[in-house]
Amino acid sequence: MPTAGARRRAHENRPHHWFAHQLVLALSGQRPVHALLGHALPAAYDRLAELAPQAPLRPLAPAGRGTTAPTVRDCGLCRPCRGVIEAFARIAADGRLRALAFRLELGADSRWRCAALDIGPAPAVRGPAG
């Protein structure tokens, strides 16, 4: 019988979990966008390159002030047809949950590639009361 840790690692190594984690790293500024170059189709890579400079998942407070890096809280999927995964992830960042949606397609070389992605709107930042 596999250990709890082995079951967790096997679960996290599923394609949609792996991609969710990689997208969070790129969208939080922890990893450069080009790290996903071979893992994304052109349209998805362009979208990632458009989003990444804004670092929409970067913590609002400066590092070292009680902030933690964003993490994948939950990840789910739908398989609308063979060789396609439409996935979502709930991302914990700054004490709030953000939504991340992406589509994976299985290539002729048996590798999964991100074909599309989108992130939910940024939470409103409250300014000074006035």
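Being a predicted model, the structure only gives us computed values, none of them experimental.

Caption draft 1: Region of the structure containing the side chain of arginine 98. Within the element layout of this structure, arginine 98 appears in strand β3 (residues 96-106). Engagement of the side chain of arginine 98 in a polar contact is seen with the backbone oxygen of proline 56, the distance being 2.9 Å.

Caption draft 2: Quick look at the packing of aromatic side chains. On inspection of all chains with the given rule, the structure shows 1 aromatic pair. Each ring, one from tryptophan 18 and one from phenylalanine 19, has its centre 5.0 Å from the other, and the planes form 85°; the classification is edge-to-face. With relative accessibility at 31%, the residue tryptophan 18 sits in the partly exposed group. You can call phenylalanine 19 buried: its relative accessible area is 4%.

Caption draft 3: Just the confidence of the model for the protein chain, in detail. Of the residues in the protein chain, 81% reach a pLDDT of 70 or more, and the chain-wide mean stands at 86. Looking over the protein chain, one finds the lowest element-wise mean pLDDT in helix α1 (residues 4-12), namely 58, and the highest in strand β4 (residues 112-119), namely 96.

Caption draft 4: Molecular detail of helix α2 (residues 15-27). When the terminal C-alpha atoms of α2 are compared, their 18 Å separation across 13 residues agrees well with the 18 Å that a helix rising 1.5 Å per residue should span. When you tally the buried positions in α2, you get 10 out of 13 residues, the bulk of the element. Just downstream of α2, glycine 29 is the residue with a positive phi angle, here 80°.

Caption draft 5: Structural view of empty space enclosed by the protein. For the structure on display, the rule yields 1 cavity of 30 Å³ or more. Approximately 30 Å³ is the volume found for the largest cavity. Of all the secondary-structure elements, those providing two or more residues to the lining of the largest cavity are α2, α3 (42-51) and β4. In terms of residue class, the lining of the largest cavity is made up of 8 nonpolar, 1 polar and no charged.

Caption draft 6: Just the sheet that holds β4, in detail. Taken in spatial order, the 4 strands of this open sheet run β1-β2-β3-β4, and their pairing is antiparallel. A single partner strand is all that each edge strand has here, and the edge strands are β1 (71-78) and β4. This sheet shows a mean twist of 25° between the axes of neighbouring strands, independent of strand direction. In this structure, β1 lies alongside strand β2 (residues 84-93), joined through 7 bridges in antiparallel fashion. Following the sheet pairing, valine 72 is matched in β2 by isoleucine 91. Against the sheet, α2 makes contact with β1, β2, β3 and β4, and its axis sits at roughly 125° relative to β3, the strand it touches most.

Caption draft 7: Up close: unusual backbone geometry. With a phi close to 45°, alanine 55 is a non-glycine residue in the positive phi region. Counting through the fold element by element, alanine 55 comes out in the loop between α3 and β1. Classification of alanine 55 by relative accessible area gives buried; the value is 6%.

Basis of the calculations
- Residue indices follow the written sequence of each chain, beginning from 1 at its first position.
- Residue-level local features of this predicted model are given only where pLDDT is at least 70; pairs of side-chain atoms are given and counted only at 80 or more, and the full residue set underlies all totals for whole chains, interfaces and linings.
- Working from all heavy atoms in the structure, the side-chain values ignore hydrogens and water.
- Strands are runs of DSSP state E lasting at least 2 residues, helices are runs of H or I lasting at least 4, and numbering of each runs from the N terminus.
- Any N or O atom pair separated by 3.5 Å or less is treated as a polar contact, with the protein-specific requirement of one donor-capable and one acceptor-capable atom, and with residues adjacent in sequence counted only for side-chain atom pairs.
- Any two of the Phe, Tyr and Trp rings considered here, Trp counted by its six-membered ring, make a pair once their centres fall within 6.5 Å; the pair's planes then place it as stacked at under 30 degrees, edge-to-face at over 60, or tilted in between.
- Only protein chains enter the area calculation, which uses a 1.4 Å probe; residues under 20% of their type maximum are buried, those over 50% are exposed, and those in between are partly exposed.
- A score from 0 to 100, pLDDT tells how confident the predictor is in each residue.
- Residue count minus one, scaled by 1.5 Å, sets the expected span of a helix.
- Using only the protein atoms, space was sampled on a 1 Å grid; points where a 1.4 Å probe fits but cannot get out form cavities, open sets with protein on both sides within 12 Å along at least five of seven lines form pockets, and lining residues are those with an atom within 4 Å of a point.
- Grid points are joined across faces, edges and corners, and a volume is the space filled by probe spheres set on the points.
- Three categories are distinguished: nonpolar for Ala, Val, Leu, Ile, Met, Phe, Trp, Tyr, Cys and Pro, charged for Asp, Glu, Lys and Arg, and polar for the others, with Gly belonging to the last.
- Should DSSP find at least two bridges between two strands, the strands are taken to pair.
- Angles here are taken between N-to-C directions and fall from 0 to 180 degrees, while the axes themselves are lines fitted to C-alpha atoms, restricted in helices to the stretch in contact.
- Contacts are assigned to residue pairs with any non-hydrogen atoms lying within 4.5 Å of each other.

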